[in-house]
Amino acid sequence: MAGPPAPRAFHVMSKPTGAICNLDCDYCFFLSKESLYPGSSFRMADDVLRAYVAQLLAAHRGADEVVVAFQGGEPTLMGTGFFRRVVELERQLAAPGQRVLNTVQTNATLVDDEMAAFFAENGFLVGVSIDGPREMHDAYRVDKGGKPTYDRVVQGLRTLQRHRVDWNALTTINAANADHGLEVYRFLRDELGAQYIQLIPIVERVTPELLPLAEAGWGARAGERPLYQQSGDVVTSRSVGAEQYGQFLVEVFEEWARRDVGDVFVPFFDTALAHWLGMHQAGACVHAQVCGEALALEHNGDLYSCDHYVEPAHRLGNLAEGRTLLEMVDSPQQKAFGRAKLDTLPQYCRACDVRFACNGGCPKDRFLTTPDGEPGLHYLCAGYQRFFRHVDQPMQVMAGLLRNGRDATGLRRWFASRDAARDEGAACPCGRPAPFARCHGGGPRPGAAP
Ligand code: SF4
Ligand code: SF4
């Protein structure tokens, strides 16, 4: 007899304050989404929160764990009381034995002892947005008055650490830090103590007409700022370049692979490894064959196909309109959204040697034309090719170790034996114009545990 159907694996990023944030990061297109809800209080009401938690938990009965995610805007603007209520509702609504993980993505500037203690007590996983050392972080991550935020972010992070909250770093790769992959990674690992590092490229795609406004940043400029939508074929000066992105990832990988495999987690690398192991839907949606299982929930209960498509055309419905969360996730509209990622892949990608790992990237950034004139090539293609080709051999080594029942940390020894034979005056394999000894050969002893 067949067992119960497998629970649907989908992820919802909820936005309890909508687009409202206490900061005004220049590249944050999401700030402009405020204009979708004129006159709103931008606070998730209790009935919306209850419906969200109840339906999410119900849809994941039988799963190992359900993730209840809060993002923004800035979710900590809701205060600790809101998160207390979340936990209270989860206790009421969870099935016996159902495991719930709450996650909060925050700029950390509003985290105080009370909030940190609550997060620690209740096992919240907190993502802290930080873009690297002070001067790189402060390039774009500023407050409403344009003032730098580095000190406030680090203070919030130290509060989380003092209370032993599980946290991870979310670092964008942008024009200000993109040429410093190794420095950014070492800073996150060594100065901040990050053991989980999420890397997100900044690609602010706009139309040529919108470019001058976009260059001024997406923060509050009443009446003047349009709603950000995924269209256009130019990018702002804050965006990372394609080759820059590839080089950044190579620099991080060369360090991580030598010293940190098994101790520091970089989801981008885990996703790549999954693809080398033949698991083509594993890891980040951006490199999956199809997507559509990472949705966004606005403060008023509106559900959108994806966090990057909070636009009227991609609104699936509202939790109060009668259809359940699961019905909207399973709707033909959402299925078509996810399937389009594969269906619109240009021939150039279909024939690409690293397509198995890349899958054409996120559709939101596919606005280049292929060399043979077909539209729909990803803006970061050159960087993807550089990175995925560069890591082919070590990825094969890791995949081989795992297939043989060993753990992937053996990659450190593989690098150590190759480095032992390396002339330290020779150019660093990362491609930077520096000798190995002063680039990836520097720092902690290769192969040693950190
Ligand atoms: S559109 Fe992009 S970010 Fe959104 S679910 Fe698809 S791949 Fe992921
Ligand atoms: S690397 Fe470029 S050509 Fe290859 S699949 Fe990715 S976007 Fe397409």
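On a predicted model such as this, the values are computed, not experimentally measured, just so you know.

Trainee: Explanation requested: the overall build of the chain in the structure shown.
Mentor: Secondary structure assignment for the chain yields 16 helices and 13 strands. In terms of C-alpha radius of gyration, the chain reaches 22 Å, essentially the compact-globule figure of 22 Å for 450 residues. Considering only C-alpha atoms, the chain reaches an extent of 65 × 55 × 50 Å along its principal axes. Every one of the 450 residues in the chain was classed for burial, and the buried ones make up 44%.

Trainee: Explain the sheet that holds strand E5 (residues 166-173) to me, please; I cannot follow it from the model alone.
Mentor: What links the strands of a sheet is backbone hydrogen bonding, and the strands pair in either a parallel or an antiparallel sense. Reading across the sheet, the 9 strands line up as E6-E5-E4-E3-E2-E1-E9-E10-E11 and stay open at both edges, with mixed pairing between neighbours. Of all the strands in the sheet, just strand E6 (197-201) and strand E11 (315-318) have a single pairing partner and so form its edges. Direction aside, the axes of adjacent strands within the sheet are offset by 25° on average. Across 2 bridges, the pairing between strand E1 (residues 11-14) and strand E2 (residues 66-70) is parallel. By the bridge assignment, Met-13 is partnered in E2 with Ala-69.

Trainee: I tried to follow unusual backbone geometry on my own but got confused; where do I start?
Mentor: Glycine aside, a negative phi is what most residues show, and trans is what most peptide bonds show. Here the residue pair Gly-72 and Gly-73 is connected by a cis peptide bond, since its omega of 0° sits within 30 degrees of zero. Residue position: Gly-73 is located in the loop between E2 and helix H2 (80-93). You will see that Phe-42, though not glycine, has its phi angle at about 55°, which is positive. In this fold, Phe-42 is placed in the loop between E1 and helix H1 (46-59).

Trainee: Sorry, what's going on with the environment of Gly-145 here?
Mentor: Positionally, Gly-145 belongs in the loop between helix H4 (134-137) and helix H5 (150-162). Gly-145 gets classed as exposed once you count the C-beta atoms within 10 Å, which come to 6. Sequence separation between Gly-145 and Leu-23 is 122 residues; the distance between their C-alpha atoms is 8.7 Å.

Trainee: Honestly, the environment of Asp-407 in this entry has me stumped. Any pointers?
Mentor: Along the chain, Asp-407 turns up in the loop between helix H15 (392-403) and helix H16 (410-420). Each C-alpha atom of the pair Asp-407 and Gly-262 lies 8.3 Å from the other, and the pair is 145 residues apart in sequence. Leaving out residues up to four positions away in the same chain, Asp-407 has contacts with Gly-262 and Leu-401.

Trainee: Can you walk me through helix H14 (residues 381-390) in this structure?
Mentor: In an α-helix, one full turn covers 3.6 residues, which means residues spaced three or four apart are oriented alike. Those residues of H14 lying buried are Cys-381, Gly-383, Tyr-384, Arg-386, Phe-387 and Phe-388. Those residues of H14 that are buried are in contact with helix H8 (242-259), helix H9 (267-276), helix H13 (355-358), strand E12 (368-369) and strand E13 (375-377).

Trainee: Can you walk me through the pairing of E1 in this structure?
Mentor: As a general feature of sheets, a regular strand has side chains that alternate between the two faces. The side-chain alternation of E1 yields one buried face, formed by Val-12 and Ser-14, and one unburied face, formed by His-11 and Met-13. Relative to strand E9 (residues 294-297), E1 runs parallel, the two sharing 4 bridges. Among the inter-strand pairings, Met-13 is bridged to a residue of E9, identified as Ala-296. The β-α-β motif built from E1, the intervening H1 and the parallel element E2 has right-handed crossover chirality.

Trainee: It is not clear to me how the site of ligand 2 should be interpreted in this structure. Could you clarify?
Mentor: Taken together, 13 residues are adjacent to ligand 2, and Cys-349, Cys-352, Cys-358, Cys-381 and Tyr-384 come closest. Of all the secondary-structure elements, those providing two or more residues to the shell around ligand 2 are helix H12 (347-350), H13 and H14. A class-by-class count of the residues in the shell around ligand 2 yields 8 nonpolar, 4 polar and 1 charged.

Trainee: I keep staring at the confidence of the model for the chain and nothing clicks. Help me out?
Mentor: Detailed reading of the predicted model is not advised wherever pLDDT is low. With 95% of its residues at a pLDDT of 70 or more, the chain has an overall mean of 92. Here residues 1-7 scores under 50 on pLDDT; set against residues more than four positions off or in separate chains, the count is 5 contacts. Scored below 50 in pLDDT, residues 445-450 shows 15 contacts in the model against residues more than four places distant or in partner chains.

Trainee: Before we go on, may I ask you to explain the site of ligand 1 in this structure?
Mentor: Taken together, Cys-285, Val-286, Cys-291, Ala-294, Cys-306, His-308, Lys-341, Cys-362, Pro-363 and Lys-364 make up all the residues around ligand 1. Looking at the shell around ligand 1 residue by residue, the classes come out as 7 nonpolar, 1 polar and 2 charged.

Trainee: How do you make sense of the pairing of E6 when you look at a structure like this?
Mentor: Side-chain alternation along E6 places Ile-197, Leu-199 and Pro-201 on a buried face and Gln-198 and Ile-200 on a face that remains uncovered. As paired strands, E5 and E6 are joined by 5 bridges and run parallel to one another. Of the residues in E6, the one forming a bridge with Thr-172 is Ile-200.

Trainee: Would you explain the packing of H8 against H14 in this entry?
Mentor: Packed helices, taken two at a time, are described by their axes: the angle between them and the distance between them. For the pair H8 and H14, interaxial distance at closest approach is 6 Å and the crossing angle is 25°. Relative to H14, the element H8 lies roughly parallel. By crossing handedness, the relation of H8 to H14 is classed as right-handed. Counting all contacts with H8, which are made through Ala-242, Glu-243, Tyr-245, Gly-246, Leu-249 and Val-250, the residues of H14 involved are Cys-381, Ala-382, Gly-383, Tyr-384, Arg-386, Phe-387 and His-390.

Trainee: Explanation requested: the nonpolar core in the structure shown.
Mentor: Note that soluble globular proteins tend to have their nonpolar side chains buried in a common cluster. Residues Leu-56 and Ala-272 are the most contacted members of the largest nonpolar core, which totals 111 residues. Ranked by residues supplied to this core, first place goes to H8 with 9 residues. Setting aside anything within four residues of it in sequence, one finds Leu-56 in contact with Val-12, Val-66, Val-68 and Leu-325.

Trainee: Before we go on, may I ask you to explain helix H6 (residues 181-191) in this structure?
Mentor: Within H6, 8 of the 11 residues are buried, which leaves it mostly tucked inside the rest of the structure. Taken together, the buried positions of H6 are Gly-181, Leu-182, Val-184, Tyr-185, Arg-186, Phe-187, Leu-188 and Arg-189. Those residues of H6 that are buried lie in contact with H4, E5, E6 and H8. Phi turns positive one or two residues past the end of H6, at Gly-193, with a value near 80°.

Trainee: Looking at this structure, how should I read the environment of Lys-341?
Mentor: Inspection of the secondary structure puts Lys-341 in helix H11 (residues 332-343). With residues near it in sequence (within four places) discarded, Lys-341 still touches Val-290, Cys-291 and Pro-363.

Rules of the game
- Residues numbered from 1 in each chain as written.
- Chains lettered and ligands numbered in written order.
- Predicted model: local features only at pLDDT ≥ 70, side-chain atom pairs only at ≥ 80, totals over all residues.
- Helix = DSSP H or I, 4+ residues; strand = E, 2+ residues; numbered from the N terminus.
- Rg over C-alpha atoms; globule rule 2.2 N^0.38 Å.
- Buried ≥ 20, exposed ≤ 12 C-beta atoms within 10 Å, placed from the backbone.
- Pairing = 2+ DSSP bridges.
- Axes fitted to C-alpha atoms, helices over the stretch in contact; angles between N-to-C directions.
- Contact = placed C-beta atoms within 7 Å.
- Right-handed = clockwise from strand over helix to strand, strands pointing away.
- Near = placed C-beta within 6 Å.
- Nonpolar A, V, L, I, M, F, W, Y, C, P; charged D, E, K, R; others polar.
- pLDDT = per-residue confidence, 0-100.
- Parallel < 35°, antiparallel > 145°, perpendicular 65-115°, else oblique.
- Left-handed = near helix turned anticlockwise from the far one by under 90°.
- Core = buried A, V, L, I, M, F, W, Y, C linked by C-beta atoms within 7 Å.

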